[in-house]
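# Report on the structure
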Amino acid sequence: MRVLINDFIGGALDRGIPLYVRNLIEGLRAELIAALAGPEPTDPREDWGAFDVSLAANCSLPAAERKVAYARTLAGRLSAPRDALLAGRITERQATALA
């Protein structure tokens, strides 16, 4: 999983690919993180999703918590920006501003 998140996706973003493809990759990354973290539990003390993402993405726990919150927001209540991000019509920065 770590290889998929960091090497493939991160490497693809550094190769000068078209913007709409970058946006698609960022949307897929958010979906992957949301799937890895799982749904948000009712008790915040039982939320282990950020730990899983932290290990898979080789990042700090606070960074993983931000990624999980963003991904869960896109997967949940912000389906229109998620669809626009996957279609390449908006950038990750624009989707983050909406979240």
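Residues numbered from 1 in each chain as written. Predicted model: local features only at pLDDT ≥ 70, side-chain atom pairs only at ≥ 80, totals over all residues. Heavy atoms only, no water.

### A look at the nonpolar core
- Counting 16 residues, the largest nonpolar core has Val 53, Val 68, Tyr 70, Leu 74, Leu 85 and Ala 95 as the members making the most contacts within it.
- Broken down by secondary-structure element, the contributors of at least two residues to this core are helix H2 (19-37), helix H3 (49-57), helix H4 (61-75) and helix H5 (79-87).
- Sort the elements by how many residues they give to this core and H4 lands first, with 5 residues.
- If near-sequence neighbours (up to four positions away) are discounted, Leu 74 is found in contact with Ala 30, Ser 79, Pro 81, Arg 82, Leu 85 and Ala 95. (Core = buried A, V, L, I, M, F, W, Y, C linked by side-chain atoms within 4.5 Å. Buried < 20%, exposed > 50% of the residue type's maximum accessible area, 1.4 Å probe, protein only. Helix = DSSP H or I, 4+ residues; strand = E, 2+ residues; numbered from the N terminus. Contact = heavy atoms within 4.5 Å.)

### A closer look at the packing of H2 against H3
- For the pair H2 and H3, interaxial distance at closest approach is 8 Å and the crossing angle is 125°. When the axes of H2 and H3 are compared, the pair comes out oblique. Every pair of crossing elements has a handedness; the one defined by H2 and H3 is right-handed. When H2 is examined against H3, the residues Ile 33, Leu 36 and Ala 37 are found in contact with a partner set consisting of Gly 49, Asp 52, Val 53 and Ala 56.
- Broken down by class, the residue content of the contact of H2 with H3 amounts to 5 nonpolar, 1 polar and 1 charged. (Axes fitted to C-alpha atoms, helices over the stretch in contact; angles between N-to-C directions. Parallel < 35°, antiparallel > 145°, perpendicular 65-115°, else oblique. Left-handed = near helix turned anticlockwise from the far one by under 90°. Nonpolar A, V, L, I, M, F, W, Y, C, P; charged D, E, K, R; others polar.)

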